[in-house]
Amino acid sequence: MVDGSPKVTWAGALGYALGFMCPGRRVLAEDGAGRACHWFVPLGLIIGLAYTGVYRAVWRQFGEVSALALMPAAAVWLVDVAIVASALYLAAAGTIARTIHPSTRLSNDLGDRNARYTIEILALLILVVLKLVLLIAIPKGVASWPGPGDWRSHFNWMYAHPHYRPLILAPMWGRWAMLLVGSIGRLRDGNDAGLSRFCGSLSATLMLVYMIPIAVLTAIFCGHRGRWMFGGIISCVVLAGTYLYGVISARRQGGRTRDSIVGAGLIGELIFLIAYEAFAMNIYAP
């Protein structure tokens, strides 16, 4: 169904976007594929706000252990791994395995298949543990807001506590990363019509339109004492890292696949969290 048809509704586009991120990926209302891209970043924001709610509720109940918010981080991690992003972990692990060991795509050799499965399991374990470590390592930061008389003080209600800022930003960057990787290179043979329609709707202009608001929000959240540039640097790191993942996975697998696009959601989140925590000492320096 082409864009503009009466059957292509916001619900169909939302259904396709949700299906892209859910474990049973055969879902997908193909008639909404062409417009689904407009839901990815908003869904990332909703997921980030949900993570913030979980983190806050558990933090208020359990507090910290040795200055580490272990229980809040573990709660967000469980929701992420078991419910919200389970498809992203499986897709990313599978893509990494096929990228490292591409010959298994066409090989019937048992040793080849076992090697690929071993790599996939190891990749999944590493991704799961890495995400937990990064959530635990989220820095406290410095809770500062524009004071009275500053025009920005009217927007203080939008300034999240430093603990919550990476939780909001990471899913947004991850869902944007899926759009970016979906636009890189050609599709591998054998993909369904819905995926072809979805990828055909992506463009460099669309990537820029959705990246700018996330990059601006990142700069604002990382702008303690006017250090806006660190948000820009982090945004560039996410862009470069995700693009590199997309190019390498597409070349090694003979083109983009659904798994490589879905897996980009997790890769984008991890790159953002690593970059954010790497620059945290500079962002929140006295």
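These notes cover the structure that comes with them. Predicted model only: the values in this text are computed from it and were never measured. (Residues numbered from 1 in each chain as written. Predicted model: local features only at pLDDT ≥ 70, side-chain atom pairs only at ≥ 80, totals over all residues. Heavy atoms only, no water.)

**Thoughts on the overall build of the protein chain**
Then comes step 1: In terms of helices and strands, the protein chain carries 10 helices and zero strands.
Then comes step 2: What you see in the protein chain, going N to C, is helices and strands ordered as α-α-α-α-α-α-α-α-α-α.
Then comes step 3: Each of the 286 residues in the protein chain was classed as buried or not, and the buried ones make up 49%.
Then comes step 4: Across the protein chain, every contact between residues at least 6 apart in sequence was considered, and the portion connecting residues at least 24 apart equals 74%.
Then comes step 5: A total accessible area of about 13,200 Å² is found for the protein chain, and carbon and sulfur atoms account for 68% of it. (Helix = DSSP H or I, 4+ residues; strand = E, 2+ residues; numbered from the N terminus. Buried < 20%, exposed > 50% of the residue type's maximum accessible area, 1.4 Å probe, protein only. Contact = heavy atoms within 4.5 Å. Areas by Shrake-Rupley, 256 points an atom, 1.4 Å probe, with all protein chains shown as cover.)

**Side note on a nonpolar patch on the surface**
Then comes step 1: Together, Ile121, Leu122, Leu125, Ile126, Leu130 and Ile274 give the surface a local cluster of nonpolar side chains, amounting to about 550 Å² of exposed area.
Then comes step 2: At five residues, helix 5 (residues 110–136) tops the list of elements feeding residues into the nonpolar patch. (Patch = residues over 30% accessible without salt bridge, like charges linked within 9 Å, V, L, I, M, F, W, Y side chains within 5 Å. Salt bridge = Lys/Arg side-chain N within 4 Å of Asp/Glu carboxyl O.)

**Some thoughts on the side chain of threonine 52**
Then comes step 1: Within the element layout of this structure, threonine 52 appears in helix 2 (residues 37–62).
Then comes step 2: Judged by its relative accessible area of 12%, threonine 52 is buried.
Then comes step 3: Residues within four places of threonine 52 in sequence aside, it is in contact with Tyr164, Leu167 and Ile168.

**Digging into helix 10 (residues 258–283)**
Then comes step 1: The first and last C-alpha atoms of helix 10 sit 36 Å apart over 26 residues, in line with the 38 Å expected at 1.5 Å per residue.
Then comes step 2: Roughly 30 degrees is the biggest bend found in helix 10, and it falls at glutamate 277.
Then comes step 3: The element helix 10 is extensively covered by neighbouring structure, given that 21 of its 26 residues are classed as buried. (Expected span 1.5 Å × (residues − 1). Bend = angle between axes of the 7 residues up to and from the residue.)

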